[in-house]
Amino acid sequence: MASEKEPERSGNEVPGNASPGPGTAPSSTALPSRMQQLFPILSPAEIDRVRRFGDVRRFSPGEILYQVGKPGPGMYVILSGRVAVVGRDGLGQAIPVAVMAQLIGATVEEMAEAVPGEVLAEIGQLSGKPSVVDAQAVGEVEAIVVPPEGLRTLLIVEAELGERILRALILRRVALIETGFGGPVLLGPSKSPEVTRLVAFLERNGSPFRVIDSDEDAEASSLLARFAPQPDELPIVVISDGTVLKNPTKQDLARALGLVATTLRSEPYDVAIVGAGPAGMATAVYGASEGLSILVLEAHTFGGQAGASARIENYLGFPTGISGQALMARAFTQAQKFGAEFSLSTEVKRLDCTSERSGPDPVLILDLADGRRVRARAVVVATGARYRRPEIPNLAQFEGRGVSYWASPVEARLCRDEEVALLGGGNSAGQAAVFLSSHARQVRMLVRGPSLSKTMSRYLIDRIAASSNIAVLCETEIVRLLGTADQGLQGLRWRNRRTGTEEEHAIGHFFLFTGADPAASWLAGCGVPLDDKGFIRTGPDVGSTGRVPSPLETGVEGIFAVGDVRSGSVKRVGTAIGEGAAVVAQLHIFLSRRDATAGSGRGTEAAESAAHSA
């Protein structure tokens, strides 16, 4: 029973990130067989179907259609003429066309220019993100220009044609990620904590990038001389448009990449969703597809904890498993297709439930960490839970410098063929141990309890027992972390709780899976009822409020909670997605009642009909 064991992170899965980018992210070995999917040529009939979503424009020889680092006007469908396409990075280096051609099974000639009937766009055009390529007219060019909103409508209205176009856009992003071009360049020691945190951030957001190792790469010395950084200014990050950032925070990098929404509507959104994990993503997809204006605010990267999972094995419809990153990236693209707006690396500091609550259609106000405010008629809390930090001396000193709270491919690469230790005896710890065992030389599991049988699923216990390089040390606790601030973690000292015997080992990678606390502190002052562990109460669990809340509604009208942050929820990815979908019907009913009260004319009957169809 789930209640008898540590809640699973997101189903039967292995932590990590096996998929590099958004959407259907195939591996590079699959790309050569997908040349026609990458660069489809539309028939005259298909081109005619595209015309009503955009406008025909003519371009003079040499005129720029796309410029790296700058938002483009949308998608082009070439009617006549040819367009030269070149991807380049912030250092001015072009994507090696021969390498890209070999990767996808094309000829160099096919890669050099876009021809009549071809779609010229990339996945960023769905939401007006900066271009990752330069595109320039070769001679006179005539093309249909489809703006982002027209592209989203096309994908929905023209289902079959939209599927071909969307698949091409997704696969093009994957090809850029495989080559490492089309995004920022990181210059610094590849194994440094600062480079590692930025690499993990970029991988989780499906961004192409490449790293130039300042300790080993011959190109590095001239670049270091060019940027003249101080030691604490590494890594240098060069954005595609030439912007140079010195040891940026993840928030600084997100803003430079256009991941943080720069324009937010002044009028209230129908729904603001806080959190872009499985629950929040499901609400965004279902809500936006049914016409609600949706804004998703996420403090880190899309996908939540599930996005760091290398393989989810028991999610319905994927018998061979799917990586959490691939699943969540598909949802991210899907939500944008339906028009949901996203602002990543955007923290909500406080929810104001009082200042605009008068009148027939009151709104809620979300105060963002960057000083902006967002107004919404309803709020869905999908912030999940945050990893619990055990009381270990000097733990904070080594976070990001040998101590990690999840095991993704970024960490796996760092500890390849080395010895690692892992603290925890629940399913998350078991999944991490199995994943790391395929990379590390030795995995030591430190478990406070007498065995794994009461805290871990049987299938994981069997896998651990069958792994020759996983050692389980029960009744064991950490005494001390060894190392320095400059060199990071260098060793661990642990104690057997039964015998008192202590051991010291030279281990530089330590993973913590000791439970999680709800991420609900930003709701303080709103009157949202919590249980004794800080999780949000909903539905009949809220107690006496003078009204009957919907099953996923909190004790404050208009505020709903879904996923791991909700009291009584089952901590699995399938359940989170189910709750995220189910709350949309309850949102429709809530908003329709508000509309009826406000006399806005939306019509209760129509809204409730939409709610039942959800």
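Residues numbered from 1 in each chain as written. Predicted model: local features only at pLDDT ≥ 70, side-chain atom pairs only at ≥ 80, totals over all residues. Heavy atoms only, no water.

Caption draft 1: Spotlight on the sheet that holds strand 11 (residues 244–246). Taken in spatial order, the four strands make up an open sheet running 9-8-10-11, and their pairing is mixed. Strand pairing shows two members of the sheet lacking a second neighbour, strand 9 (210–213) and strand 11, which therefore form its edges. Going from strand to strand, the sheet's axes swing by 20° on average, the running direction of each strand aside. When strand 8 (residues 185–188) meets strand 9, the two strands line up parallel, connected through four bridges. By the bridge assignment for strand 9, Leu186 is matched with Val211. (Pairing = 2+ DSSP bridges. Helix = DSSP H or I, 4+ residues; strand = E, 2+ residues; numbered from the N terminus. Axes fitted to C-alpha atoms, helices over the stretch in contact; angles between N-to-C directions.)

Caption draft 2: Seen up close, the sheet that holds strand 26 (residues 502–505). Pairing is antiparallel across the open sheet formed by three strands, whose spatial order is 24-25-26. A strand with exactly one partner marks an edge of an open sheet, and here the two such strands are strand 24 (476–484) and strand 26. Direction aside, neighbouring strands of the sheet carry axes that sit 20° apart on average. Examined bridge by bridge, strand 25 (residues 488–496) and strand 26 share four bridges and lie antiparallel to one another. Bridging across to strand 26, Arg493 finds its partner in Glu504.

Caption draft 3: Up close: helix 11 (residues 324–337). When the terminal C-alpha atoms of helix 11 are compared, their 20 Å separation across 14 residues agrees well with the 20 Å that a helix rising 1.5 Å per residue should span. Most of helix 11 sits inside the fold, with 12 of its 14 residues counted as buried. By the burial criterion, the buried members of helix 11 are Gly324, Gln325, Ala326, Leu327, Met328, Ala329, Ala331, Phe332, Thr333, Ala335, Gln336 and Lys337. For helix 11, the secondary structure elements touched by its buried residues are helix 5 (148–157), helix 6 (159–179), helix 7 (193–204), helix 10 (278–289), strand 14 (309–312) and strand 15 (341–343). Looking at the residues trailing helix 11, positive phi occurs at Gly339, about 100°. (Expected span 1.5 Å × (residues − 1). Buried < 20%, exposed > 50% of the residue type's maximum accessible area, 1.4 Å probe, protein only. Contact = heavy atoms within 4.5 Å.)

Caption draft 4: Layout of unusual backbone geometry. Each neighbour pair has its own omega, and for Leu234 with Pro235 the value is 5°, a cis peptide bond. Although it is not a glycine, Asn247 adopts a positive phi angle of roughly 45°. Looking at where Asn247 falls in the secondary structure, it is placed in the loop between strand 11 and helix 9 (250–256).

Caption draft 5: Summary view of the packing of helix 10 against helix 16 (residues 573–598). Helix 16 packs onto helix 10 with a crossing angle of 40° between their chain directions and a minimal axis gap of 7 Å. In this view, helix 10 runs oblique relative to helix 16, as classed from their interaxial angle. Crossing of helix 10 over helix 16 shows right-handed handedness. Of the residues in helix 16, those in contact with Pro278, Ala279, Ala282, Thr283, Tyr286 and Gly287 of helix 10 are Val573, Ala576, Ile577, Gly580, Ala581, Val583, Val584 and Leu587. (Parallel < 35°, antiparallel > 145°, perpendicular 65-115°, else oblique. Left-handed = near helix turned anticlockwise from the far one by under 90°.)

Caption draft 6: Representation of the nonpolar core within the structure. In this structure, Leu253, Val271, Ile273, Met281, Ile294, Phe302 and Phe342 are the most contacted members of the largest nonpolar core, which totals 57 residues. Residue assignment for this core shows that the elements contributing at least two residues are helix 7, helix 9, strand 12 (269–274), helix 10, strand 13 (294–297), helix 11, strand 18 (373–381) and helix 16. A total of eight residues in this core trace back to one element, the largest contributor, which is helix 16. Excluding its chain neighbours within four sequence positions, the residues that come into contact with Phe342 are Leu259, Ala261, Met281, Val296, Phe332, Ala335 and Gln336. (Core = buried A, V, L, I, M, F, W, Y, C linked by side-chain atoms within 4.5 Å.)

Caption draft 7: Broad picture of the side chain of Glu158. Tracing the sequence through the fold places Glu158 in the loop between helix 5 and helix 6. Looking at Glu158, its side chain comes within polar contact range of the side chain of Arg49, at 3.0 Å. Filtering out sequence-adjacent residues up to four positions away, Glu158 remains in contact with Arg49, Arg52, Phe53 and Glu163. (Polar contact = N/O pair within 3.5 Å; in protein donor to acceptor, adjacent residues only side chain to side chain.)

Caption draft 8: Molecular detail of the pairing of strand 7 (residues 134–146). One ladder, built from five bridges, connects strand 2 (residues 55–59) with strand 7; its direction is antiparallel. Opposite Asp55, over in strand 7, you have Val145 as the bridge partner. As defined by bridge partners, strand 3 (residues 64–66) adjoins strand 7 across two bridges and the pair is classed as antiparallel. Opposite Tyr66, over in strand 7, you have Ala135 as the bridge partner. Summarising the sheet, strand 4 (residues 75–86) and strand 7 pair through 10 bridges and their orientation is antiparallel.

Caption draft 9: Spotlight on the environment of Ala576. Residue position: Ala576 is located in helix 16. In this structure Ala576 comes out as buried when scored by relative accessible area, which is 7%. Taking the C-alpha atoms as reference, Ala576 lies 7.0 Å from Asp564; in sequence the two are 12 residues apart. Ignoring anything within four residues of it in the chain, the contact list for Ala576 reads Pro278, Ala279 and Gly563.

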